[in-house]
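# A look at the structure
Below, each chain spelled out in residue letters.
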Amino acid sequence: MIDKTELSLKQIMEKIQDNATILIGGFGPAGQPAELIDALIERGVTGLTIVSNNAGNGDYGLARLLQTGAVKKIICSFPRQADSYVFDELYRAGKIELEVVPQGNLACRIQAAGMGLGAIYTPTGYGTLLAEGKETRHIHGKDYVLEYPIRADFALIKAHQGDRWGNLIYYKSARNFGPIMAMAADVTIAQVQSVVSLGELDPEVIVTPGIFVQHVVEVTE
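Structural notes, computed from the coordinates. The model shown is predicted, which means the values in this text are computed figures rather than measured ones. (Residues numbered from 1 in each chain as written. Predicted model: local features only at pLDDT ≥ 70, side-chain atom pairs only at ≥ 80, totals over all residues. Heavy atoms only, no water.)

### Description of the overall build of the protein
As a reminder of what qualifies: Every helix listed is a DSSP run of H or I at least four residues long, and every strand listed is a run of E at least two residues long, numbered separately from the N terminus. Two things to know: the radius of gyration comes from C-alpha atoms, and the globule rule equals 2.2 Å times the number of residues to the power 0.38. Only protein chains enter the accessibility calculation, which uses a 1.4 Å probe; a residue is then buried when its area is under 20% of its type maximum, exposed when over 50%, and partly exposed in between. Method for areas: the Shrake-Rupley scheme with a 1.4 Å probe, in which residue coverage is limited to the protein chains shown. Charge assignment in this entry is limited to Lys and Arg as positive and Asp and Glu as negative, and neither His nor the chain termini are counted. Charge positions are represented by NZ for Lys, CZ for Arg, CG for Asp and CD for Glu.
A tally of helices and strands in the protein yields six helices and eleven strands. Taking 221 residues into account, the globule formula puts the C-alpha radius of gyration at 17 Å, and the protein, at 18 Å, falls close to it. Expressed along its principal axes, the backbone C-alpha trace of the protein runs to roughly 50 × 45 × 30 Å. By the burial criterion, 47% of the 221 residues in the protein qualify as buried. For the protein, the accessible area works out to roughly 10900 Å², and carbon and sulfur atoms hold 50% of it. Treating the 19 positive side-chain charges of the protein as one cloud and the 25 negative ones as another, the clouds have centres 4 Å apart.

### Focus: the pattern of salt bridges
Quick reminder of the rule: Note on definitions: salt bridges are taken to be side-chain nitrogens of Lys or Arg within 4 Å of carboxyl oxygens of Asp or Glu.
The final tally for this structure, using the stated rule, is ten salt bridges. Residues Arg-80 and Asp-88 are paired through a salt bridge, measuring 3.0 Å at the closest nitrogen-oxygen approach. The exposed category is assigned to Arg-80, whose relative accessible area is 55%. Residue Asp-88 is classed as buried on the basis of its relative accessible area of 16%. Ionic pairing is found between Arg-137 and Glu-135, a salt bridge with its closest N-O pair at 3.2 Å. By relative accessible area, Arg-137 is classed as partly exposed at 46%. Among the residues examined, Glu-135 registers a relative accessible area of 38% and is labelled partly exposed. Three or more residues are tied together by salt bridges with common partners; here these are Lys-73, Glu-97, Glu-99, Arg-109, Lys-134 and Glu-147.

### A few points about the nonpolar core
Inclusion rule: The criterion is simple. A nonpolar core is a set of buried Ala, Val, Leu, Ile, Met, Phe, Trp, Tyr and Cys residues joined through side-chain atoms within 4.5 Å.
Counting 33 residues, the largest nonpolar core has Ile-16, Ile-22, Leu-40, Leu-48, Ile-50 and Leu-65 as the members making the most contacts within it. With five residues, helix H2 (residues 34-43) is the single largest residue contributor to this core.

### Re the sheet that holds strand S5 (residues 120-122)
Using the following cut-off: A pair of strands is considered paired only if DSSP assigns at least 2 bridges between the two. Angles run from 0 to 180 degrees between N-to-C directions of axes, and those axes are lines fitted to C-alpha atoms, restricted for helices to the stretch in contact.
Spatially, S5-S7-S6 is the arrangement adopted by the three strands of the open sheet, whose pairing is antiparallel. The two strands at the open ends of the sheet, each matched to only one other strand, are S5 and strand S6 (136-139). Taken pair by pair, the neighbouring strands of this sheet meet at an average axis angle of 40 degrees, ignoring direction. Across four bridges, S6 lies against strand S7 (residues 142-147) in antiparallel orientation. The residue bridging Arg-137 from the neighbouring strand is Tyr-144, located in S7.

### Considerations on helix H5 (residues 103-115)
The test is simple: Each helix should span, by expectation, one fewer than its residue count multiplied by 1.5 Å. Taken from the helix axis, the directions to the C-beta atoms give the arc we talk about.
Over its 13 residues, H5 extends 18 Å from the first C-alpha to the last, a length consistent with the 18 Å expected when each residue adds 1.5 Å. Buried within H5 we find Asn-105, Leu-106, Arg-109, Ile-110, Ala-112 and Ala-113. Down the axis, H5 shows its buried residues gathered within 155 degrees of arc, on one side only. One or two positions beyond H5, positive phi appears at Gly-116, with a value near 75 degrees.

### Notes on the pairing of strand S8 (residues 152-162)
Bridge analysis of strand S1 (residues 21-24) against S8 gives three bridges, and the strand direction is parallel. Note on S8: the bridge partner recorded for Ile-24 is Leu-156. Where S8 and strand S10 (residues 185-195) come together, nine bridges link them in parallel fashion. Residue pairing for S10: Gly-162 is matched across the bridge by Val-195. With two bridges connecting them, S8 and strand S9 (residues 168-169) associate as antiparallel partners. Across the sheet, the residue bridging to Gly-162 is Leu-168, located in S9. The hairpin formed by S8 and S9 contains five residues between the paired strands, and Gly-166 there has a positive phi angle of roughly 95 degrees.

### Some words on the environment of Ile-50
Which entries qualify depends on this criterion: Two residues form a contact once any of their heavy atoms are found within 4.5 Å.
Relative to the elements of secondary structure, Ile-50 occurs in strand S2 (residues 48-51). Using a relative accessible area of 0% as the deciding quantity, one classes Ile-50 as buried. Residues Ile-50 and Arg-151, spaced 101 residues apart in sequence, show a C-alpha to C-alpha distance of 11 Å. Contacts of Ile-50, omitting those with residues within four sequence positions, involve Ile-22, Ile-24, Leu-62, Leu-65, Val-71, Lys-73, Ile-74 and Ile-75.

See the structure below:
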């Protein structure tokens with residue numbers, strides 16, 4: 001019997017080792033798997049490469065993970081916001097490496113990994129510092145930059161509901177990045193507000209099929 005809810009959060013996190021590359025879902029605080037991040041902090045791993053939409057807010061969740069010194073590099077679209085002081089201090093002190101990727105490119109590169117593509121051409125970034133040293137092509141009258149997929153060892157995502165097979169549905173903007181990140185990681189760990197019985201999720205509204213999810217953890221409000 002397939003049951004992806006059988007392990008405890010501590011048992012699941014023991015799979016994550018030093019120097020792992022981890023996709024973290026969410027759109028700022030919306031959809032951020034805060035409890036999974038807290039469990040990752042407790043795990044105490046180091047040398048992580050984190051891929052996320054931004055570099056954390058305030059001093060909780062992703063920002064708190066950065067604050068512990070566990071992250072050596074972050075790949076994101078929005079490293080600086082009004083409350084991104086944790087990342088800002090680390091970056092100015094030379095304690096973290098940054099790779100800035102335009103938001104559309106970030107999504108496309110993650111999606112490319114999930115789809116098994118070798119690389120993609122995108123017009124975004126052409127003629128800017130972000131394209132320096134990268135292959136470019138002129139296709140059908142337009143200039144493009146070659147970008148490579150972003151694949152990870154793990155994905156930590158948040159969904160609204162899931163079942164024991166790992167099928168997931170999301171709540172509004174908390175859906176951002178979660179579905180494509182689940183496809184692009186070797187191991188996807190999803191925290192959900194509730195685990196429902198098989199058949200309770202309408203197949204027509206399931207966003208992430210269970211084939212892309214290895215572990216489901218219920219985290220109640």
